[in-house]
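An overview of the molecular structure
So the chains spell out like this:
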Amino acid sequence: MEKVKLNNGVEMPLLGFGVFQVSDLKECKESVLTALETGYRLLDTAAVYENETAVGEAVKESGIPREEIFITTKVWVQDTGYEKTKESFIHSLRKLGTDYIDLFLIHMPYGDVYGSWRAMEDLYKEGKIRAIGVSNFYNDRVIDFILHNEIIPAVNQIETHPFLQNEETHKFLENNGIQIESWGPFAEGKNGIFRNEILKAIGKKYGKSVAQVILRWLTQRGVVAIPKSVRKERIVENFNIFDFHLTDEDMQIIRSIDMNQTFFNDYNDPEAAIRMDAIRFIP
Ligand SMILES: NC(=O)c1ccc[n+]([C@@H]2O[C@H](COP(=O)([O-])OP(=O)(O)OC[C@H]3O[C@@H](n4cnc5c(N)ncnc54)[C@H](OP(=O)(O)O)[C@@H]3O)[C@@H](O)[C@H]2O)c1
């Protein structure tokens with residue numbers, strides 16, 4: 001598996017497996033086990049997904065040494081702030097059945113994110129987290145974070161797919177030593193992405209599916225991708241993307257379908273902050 005080197009030297013797999021909206025814990029555990037058997041070594045969960053326990057069980061049951069698996073989890077809005085973030089971290093550790101997290105992210109750009117960051121910096125210095133980062137932070141927030149904190153985020157996990165390509169943001173993050181990670185690489189199927197004629201035509205040249213073209217396009221740009229699927233054949237399909245190469249022309253063609261628009265949340269929209277704040281769960 002190809003890896004990227006984060007700004008603190010920690011290596012992170014370029015392709016991983018996400019478990020958002022896999023609320024059936026049995027299904028989650030089975031999917032993660034299938035992913036690990038397939039060869040995925042990066043798992044992406046979050047406290048708010050309420051499936052960390054299933055992820056942890058799958059990791060244990062896989063028999064793969066813990067240090068070979070890169071686990072990401074995230075602290076939710078309701079748990080921002082110094083003390084609450086430390087508590088949330090302990091809950092995540094317990095649920096995942098591990099004594100450290102590879103990548104711990106602030107899930108949303110809301111709440112007391114500065115308090116959270118100080119807690120995360122402390123946990124990082126104590127060796128309990130290998131890398132710390134953010135998610136859904138737009139560039140203005142990222143730069144403010146860089147200017148007003150000791151540790152620069154290692155990763156920013158943001159919505160990135162062929163209809164929201166984030167070229168400029170990618171450059172900005174790269175220039176600031178921050179790894180871009182795509183969530184929703186398939187835009188969760190929105191806007192007919194799997195039927196897109198341009199992506200289909202490119203795939204046809206290589207005997208690859210639209211999903212594989214998208215994941216190849218992302219990873220070839222150096223974007224970490226974490227597709228989600230609960231179906232074995234798709235989990236395998238999504239992993240088989242390192243045996244072909246997109247040409248510069250293919251990359252240019254894909255560029256032409258960028259709509260530069262979100263299919264989920266505009267984090268500058270006050271409604272988004274209100275919506276996220278309303279999501280509560282028992283830690
Ligand atoms: N930080 C954040 O705020 C945030 C937000 C969203 C997501 N994420 C992370 O990013 C991960 C991926 O994003 P996502 O789950 O939102 O969406 P996604 O990966 O873009 O899309 C998942 C959807 O695509 C389908 N699918 C998967 N592989 C396919 C294939 N080869 N062919 C056809 N359909 C396929 C899945 O259905 P089946 O399962 O039925 O196969 C599912 O409906 C999440 O699981 C989560 O870990 C983070």
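Everything below is about the structure shown above.
Residues numbered from 1 in each chain as written. Predicted model: local features only at pLDDT ≥ 70, side-chain atom pairs only at ≥ 80, totals over all residues. Heavy atoms only, no water.

**Topic: the overall build of the protein chain**
The helix and strand inventory of the protein chain stands at 11 helices and 10 strands. For 283 residues, the compact-globule formula gives about 19 Å, and the C-alpha radius of gyration of the protein chain, at 18 Å, lands near that figure. Viewed in the frame of its principal axes, the protein chain has a C-alpha envelope of about 55 × 40 × 35 Å. Considering the protein chain as a whole, with its 283 residues, one finds that 55% of them fall into the buried category. Partitioning the intrachain contacts of the protein chain with sequence separation of at least 6 by distance along the chain shows that 75% fall at a separation of at least 24. Taken as a whole, the protein chain presents about 12,400 Å² of accessible surface, with 49% of it coming from carbon and sulfur. (Helix = DSSP H or I, 4+ residues; strand = E, 2+ residues; numbered from the N terminus. Rg over C-alpha atoms; globule rule 2.2 N^0.38 Å. Buried < 20%, exposed > 50% of the residue type's maximum accessible area, 1.4 Å probe, protein only. Contact = heavy atoms within 4.5 Å. Areas by Shrake-Rupley, 256 points an atom, 1.4 Å probe, with all protein chains shown as cover.)

**Section: the packing of helix 1 (residues 25-38) against helix 9 (residues 232-239)**
It is the contact of helix 1 with helix 9, at a shortest axis distance of 10 Å, that shows an interaxial angle of 35°. Where helix 1 crosses over helix 9, the two elements pack in a sense that is right-handed. Side by side, helix 1 and helix 9 meet where Ser31, Thr34, Ala35 and Thr38 of the first sit next to Lys232, Ile235, Val236 and Phe239 of the second. (Axes fitted to C-alpha atoms, helices over the stretch in contact; angles between N-to-C directions. Left-handed = near helix turned anticlockwise from the far one by under 90°.)

**A few points about the packing of helix 4 (residues 113-125) against helix 5 (residues 139-148)**
Helix packing geometry: the angle between the two helix axes and the distance between the axes. Closest axis-to-axis distance for the helix 4/helix 5 pair is 12 Å, and the angle between their directions is 50°. As summarised for this structure, helix 4 and helix 5 are arranged oblique, according to the angle between their axes. Where helix 4 crosses over helix 5, the handedness of that crossing is right-handed. Here Val113, Tyr114, Trp117 and Arg118 of helix 4 come into contact with helix 5, specifically with Asp144, Phe145 and His148. Of the residues contributing to the contact of helix 4 with helix 5, the split by class is 4 nonpolar, 1 polar and 2 charged. (Parallel < 35°, antiparallel > 145°, perpendicular 65-115°, else oblique. Nonpolar A, V, L, I, M, F, W, Y, C, P; charged D, E, K, R; others polar.)

**Re the sheet that holds strand 4 (residues 42-44)**
One open sheet holds the 8 strands; their spatial order is 3-4-5-6-7-8-9-10, and the pairing between them is parallel. Strands with a single pairing partner mark the edges of an open sheet, and in this sheet they are strand 3 (17-18) and strand 10 (224-225). Sheet topology places strand 7 (residues 129-135) next to strand 8 (residues 155-159); 2 bridges connect them, and they run parallel. Residue pairing for strand 8: valine 134 is matched across the bridge by asparagine 156. (Pairing = 2+ DSSP bridges.)

**Some points on helix 1**
With 14 residues, helix 1 should cover 20 Å at 1.5 Å per step; its first-to-last C-alpha distance of 20 Å lies within 8% of that length. Among the residues of helix 1, those classed as buried are Cys28, Ser31, Val32, Leu33, Thr34, Ala35 and Leu36. Its buried side turned inward, helix 1 meets strand 3, strand 4, helix 2 (52-62) and helix 9. (Expected span 1.5 Å × (residues − 1).)

**Let's talk about helix 10 (residues 248-255)**
Within helix 10 the residues assigned to the buried category are Asp250, Met251 and Ile254. In an axial view of helix 10, the angular spread of the buried residues amounts to 100°, which keeps them on one side of the axis. In helix 10, those exposed residues whose orientation departs by more than 90 degrees from the buried face are Asp248 and Glu249. Contacts from the buried residues of helix 10 go to helix 7 (197-206) and helix 8 (210-220). (Arc of directions from axis to C-beta.)

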